[in-house]
Each structure stands twice: as C-alpha cells, then as structure tokens.
Amino acid sequence: MKSPKPAETQTATLAEIAREAGVSAPTVSKVLNGRADVAPATRTRVEELLRTYGYRRRRAEASRSPLIDLVFHELESAWAMEVIRGVENVARDAGLSVVLSESAGRLTPGRSWADQVAARRPHGVILVLSGLDESQRALLTSRSIPFVVMDPAGDPGADVPSIGATNWQGGLAATRHLVELGHTRIGAISGPSRMMCSRARVDGYRAALETAGLPVDQGLIKAGDFHHEAGYRLGLELLRRPDRPTAVFAGNDLQALGLYEAARELGLRIPEDLSVVGFDDLPVARWVGPPLTTVRQPLTEMAEAAARLVLDLGRDDDSSTATRVELATSLVVRSSTAAPLPGDAVGRKLTY
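Notes on the structure follow. Here the residue numbers are simple positions, counted from 1 along each chain's written sequence. Whole-chain, interface and lining totals are the exception, using all residues; otherwise, since this is a predicted model, local features are given only for residues with pLDDT of at least 70 and side-chain atom pairs are given and counted only at 80 or more. As a convention, hydrogens and water are excluded, and side-chain values are obtained from all of the structure's heavy atoms.

This next bit is on the nonpolar core. Definition of nonpolar core: a set of buried residues of the types Ala, Val, Leu, Ile, Met, Phe, Trp, Tyr and Cys, connected through side-chain atoms within 4.5 Å. Think of it in three bands: residues with accessible area under 20% of the maximum for their type are buried, residues over 50% are exposed, and the middle band is partly exposed, with areas taken using a 1.4 Å probe on protein chains only. If you look at the biggest cluster of nonpolar residues, it comprises 37 residues, and the most contacted ones within it are Tyr-205, Leu-239, Leu-274, Val-276 and Leu-292. The helix count covers DSSP runs of H or I at least four residues long, the strand count covers runs of E at least two residues long, and both are numbered beginning at the N terminus. For this core, the leading source of residues is helix α10 (residues 253–265), giving six residues. Beyond its immediate sequence surroundings of up to four residues, Leu-274 is in contact with Leu-239, Pro-245, Thr-246, Ala-247, Val-248, Leu-259, Ala-263, Arg-269 and Ser-336. Among the nonpolar cores identified, the runner-up in size contains 36 residues, and Val-87, Ala-91, Val-128 and Met-150 belong to it. Every residue pair with non-hydrogen atoms within 4.5 Å of one another is taken to be in contact.

Within the secondary structure, Pro-271 sits in the loop between α10 and β9 (275–280). Residues Pro-271 and Ala-339 lie 68 residues apart in sequence; the distance between their C-alpha atoms is 8.2 Å. Apart from the residues lying within four places of it in its own chain, the contact partners of Pro-271 are Ser-335, Ser-336, Thr-337 and Ala-338.

Pairing between two strands is assigned when DSSP locates at least 2 bridges connecting them. Taken in spatial order, the six strands of this open sheet run β7-β6-β8-β9-β10-β12, and their pairing is mixed. The sheet is open, and its two borders are formed by β7 (221–223) and β12 (330–332), each paired with just one other strand. Strand after strand, the sheet turns through a mean of 20° between neighbouring axes, direction not considered. One ladder, built from four bridges, connects β9 with strand β10 (residues 293–296); its direction is parallel. Residue pairing across strands places Gly-278 opposite Thr-294, the latter belonging to β10. Lines are fitted to the C-alpha atoms to define the axes, a helix being fitted only along its stretch in contact, and any angle between axes, read from their N-to-C directions, falls within 0 to 180 degrees.

This part is about unusual backbone geometry. Cis rather than trans, the peptide bond between Ile-270 and Pro-271 has omega equal to 10°. Cis geometry is found at the peptide bond from Gly-289 to Pro-290, where omega equals -5°. Inspection of the secondary structure puts Pro-290 in the loop between β9 and β10. A positive phi angle, close to 50°, is found at Asp-151, a residue other than glycine. Checked against the element boundaries, Asp-151 lands in the loop between β4 (147–150) and β5 (162–165). Backbone geometry at Asp-280 places phi at a positive 130°, although glycine is not the residue there. By the element assignment, Asp-280 lies in strand β9.

Moving on to the layout of surface pockets. Over the atoms, a rolling probe the size of a water molecule traces out where space has been left empty. Here a cavity denotes grid points, spaced 1 Å and computed from the protein atoms alone, that fit a 1.4 Å probe unable to get out, and a pocket denotes an open set having protein on both sides within 12 Å along at least 5 of 7 lines; residues with an atom within 4 Å of a point are the lining. Grid points are joined across faces, edges and corners, and a volume is the space filled by probe spheres set on the points. One number sums up the size of the second largest pocket: a volume of about 310 Å³. His-73, Glu-74, Trp-79, Leu-129 and Phe-226 are the residues nearest the centre of the second largest pocket, which is lined by 23 residues in total. Counting residues per element, the ones that place at least two in the lining of the second largest pocket are α4 (78–93) and α8 (196–211). Along the lines of polarity and charge, the residues of the lining of the second largest pocket split into ten nonpolar, six polar and seven charged. Each residue receives one of three labels: charged for Asp, Glu, Lys and Arg, nonpolar for Ala, Val, Leu, Ile, Met, Phe, Trp, Tyr, Cys and Pro, and polar for the others, Gly being one of them.

The next point concerns the sheet that holds β4. Spatially, the six strands line up as an open sheet ordered β2-β1-β3-β4-β5-β11, and their pairing is parallel. With one partner strand each, in any of the chains shown, β2 (97–102) and β11 (324–327) form the two edges of the open sheet. Sheet twist, expressed as the average angle between the axes of neighbouring strands with direction ignored, equals 20°. Pairing of strand β1 (residues 67–72) with strand β3 (residues 124–128) involves five bridges; the strand directions are parallel. Paired with Ile-68 across the bridge in β3 is Gly-124. Seen against the sheet, helix α11 (residues 299–315) touches β1, β3, β4, β5 and β11 and runs at an angle of roughly 165° to β4.

See the structure below:
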C-alpha cells in the first residue's frame, strides 16, 4: 500500500480511501457504520487511513439515532443520578433518549464501546470523569459524532470541549470557612490523585491554609477514592492520632458521610468535637444528622450544559473551536461546622 499524502494537504472521498485500502467502498462504509462483518485487519487498515486523511463524514450524510450516549467511569452513587437528571432534562426537551454505559473505573472506555457508538450513530457523546484515547477520538470525529467531557479526570486537551466546576475555589472556600471558625489543625481526605478535580480541591485547601499562615501538615492529608468506605477508614486514621484534627475537609459528600461514621464510632460529636465539610451538595447532605456543611457543585446544571453543548456541536458544521466552561461552586453552611471547643485549637488527645 502506497503512503498517502498528509491530511493537512489532502482530503479523501470514501472511494479514494477504499482504493488506497484495497477494499470496496461498501466495506469502508461498513467500517464507518460500526458493522461487525468486517475482518479485523481490514477494519484496522481502513481506520488508519480515515485518521491519516482526517476524514470527516458530512453531517448531511450522517443519519443519526435519537440518542445521547452518556458514559460514566463509575455508575454507582447519588452523584451519578444528579448528572443523569441533568442530561435527561435536555434530551427530553430535544425529543432524544439517553443511553448509559460505564467504563468500570477506567479513564477511557474500551474499544468495543467505540464500535458500538459508531453503530448507534447518536446525536452526541458525553463522558463523565472519563476521556477518549486518540483512536477513539478519531473514530467519533470521522463519523461526525460530537463529544463533550464533563468534569474531566485529566487535562482533556485544548481541542476537546469540556464542562467543569471551580474545584480549586471550592476547596479554598471550604477550608477558609474552617479557618475563620478558629480551627488550626484541619485535615483533608481527597479523591484519587489521578483526577484533576481532586487535585484542584486539595490545592485550594493548601492555599487557604498558607494564606492564613497555617502550616500544611502532610500527615493530615489522606488520599481517598470518593467512596463512603474511604471516608470511614481514613477518618479513623485521622481521628485516632494523638494530635487529631479538629476539622476535616472531606473532599466529597460520600467521604464526609464515612467520616461521620468514624466519628460516631470514636465517640466524637459533630460539630462540638469535630467540624466536617463535604463537597458536591448531594440531596443526602441536607438529611443527615447534623446536616452537612458542603461546597455545592452544580452537577445537574453542569450536565445540562454538557448536553446542550454536545447538541450545539452536532448542529454546527464548523465545530473546530473547542469550548471550556467552568460553573461556579458555592459554600453551603449547615450544622456540621462550629468553632473548636476551648483548648481544642491544637488538637485534643483521645482516650480509648
């Protein structure tokens, strides 16, 4: 097979790509449509040529299913329900349905998922705390299937449309609130360090302490995974220290609830003995006892913005300009935070 000219200097028709690949035009069309009846080696050869030539199906050619694909890296909490609600709100108004899938904790879906999306030909794809590798991006682009990343786990790239929140500002506001109450030993239970939102929240926590002239004690920062069990386990580690913190920024609401459980097990009262701040403002934050002070992340609004953006990209033939949108977070003060008890500003020893 001869080497094709660079994509920057030439575009190709399906017939030309078929001739270059040594197959028929209907075979190339099958690859574009995600059909299974194509030999793997042939599919790989055609996909490489589509990427090389930067082929993009004209939107008029791309008959679409009345669907939006919504992909989660994990689908198991009330957090996900808020996102689903937002996407459903926009999809319903547009006369579309939502297809849910999960990448089982991976930051990119598997190859079979990309082939299934190509076969479904949805109006667009929204990836939550996830992303696409280069071949998956090329596959969707060649089919004129727009995609948006919501709350990207890492840097999505300058050319990838994304919707996020002001995570750094949220971490700053949560920790500043505790500092203003008089706490000087403030712990943190972060999410996974591989996730950009988690790192940004901890960076905000650090900035608040440094601005207040307080030391950043690495021993008081624990890396969690955004699940209840991590909040409980790491909460026990923090609260069993002889110089335990008098307040903890839990990084998300689920970990804050795990921290509540750890405090109860050790006989600590919230907020008298321990102040707790979460992040997300899930509905459960208002129901627990005491109601949780937390940073509101506008999840439903973020999901609605992602859905509107992916539909706008699908209508616009010139979608080369990426869009990065960050929605504001805000501190919601409830009953889980208070000033430390007299003599507790430097931490109090526990007796077991």
